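Fold and contact review
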Amino acid sequence: MMTIKVYVVNHEGNVRVLRERAEVNPLDEPDTSQRLPACGCPRCAKREREQGAEQEPVR
């Protein structure tokens, strides 16, 4: 068993609880449909392009 508590902290440091602490059973294998999409912010997009360029073979 695991416990989980969901909360939000704003930029001023105030905490708001979204879900109280609860016991949950962990999954053996996470469902791939629950994965978050890749970040699309400019910083991450630039890093993704740079990593893709490094991995391509040079001819």
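Everything numeric in this text was worked out from a predicted model, so none of it was measured. (Residues numbered from 1 in each chain as written. Predicted model: local features only at pLDDT ≥ 70, side-chain atom pairs only at ≥ 80, totals over all residues. Heavy atoms only, no water.)

Section: the overall build of the protein chain
- Of regular secondary structure, the protein chain possesses one helix and two strands.
- If you list the helices and strands of the protein chain from N to C, you get β-β-α.
- Counting over 59 residues, the protein chain shows a buried share of 2%.
- Partitioning the intrachain contacts of the protein chain with sequence separation of at least 6 by distance along the chain shows that 7% fall at a separation of at least 24.
- Carbon and sulfur atoms make up 50% of the accessible area of the protein chain, which amounts to about 6300 Å² in all. (Helix = DSSP H or I, 4+ residues; strand = E, 2+ residues; numbered from the N terminus. Buried < 20%, exposed > 50% of the residue type's maximum accessible area, 1.4 Å probe, protein only. Contact = heavy atoms within 4.5 Å. Areas by Shrake-Rupley, 256 points an atom, 1.4 Å probe, with all protein chains shown as cover.)

What to know about the pairing of strand β1 (residues 2-9)
- Note: β1 against strand β2 (residues 15-24), seven bridges, orientation antiparallel. Counted as the bridge partner of Ile4 is Ala22 from β2.
- The turn linking β1 back onto β2 is made up of five residues, and Gly13 within it adopts a positive phi angle of 90°. (Pairing = 2+ DSSP bridges.)

A few points about a nonpolar patch on the surface
- Together, Tyr7, Val9, Val15 and Val17 make up a nonpolar patch on the protein surface, roughly 370 Å² of accessible area in all.
- If you list the elements that add at least two residues to the nonpolar patch, you get β1 and β2.
- Secondary-structure assignment places Tyr7 in strand β1. (Patch = residues over 30% accessible without salt bridge, like charges linked within 9 Å, V, L, I, M, F, W, Y side chains within 5 Å. Salt bridge = Lys/Arg side-chain N within 4 Å of Asp/Glu carboxyl O.)

Let's talk about the environment of Ala38
- Within the secondary structure layout, Ala38 lies in the loop between β2 and α1 (42-55).
- When its relative accessible area of 75% is taken as the criterion, Ala38 is described as exposed.
- Sequence separation between Ala38 and Glu48 is 10 residues, and the spatial gap between their C-alpha atoms is 9.7 Å.

Some details on the state of the cysteines
- Taken as a whole and assessed by the stated rule, the structure comprises zero disulfides.
- The closest cysteine sulfur to the non-disulfide-bonded Cys41 is located on Cys39, 3.6 Å from its own sulfur.
- With a relative accessible area of 27%, Cys41 lands in the partly exposed category.
- Cys44 forms no disulfide, and the closest cysteine sulfur to it belongs to Cys41, at a distance of 3.6 Å.
- The class of Cys44 is buried, set by a relative accessible area of 16%. (Disulfide = S-S within 2.5 Å.)

By themselves, these figures tell us nothing about what the structure is for.
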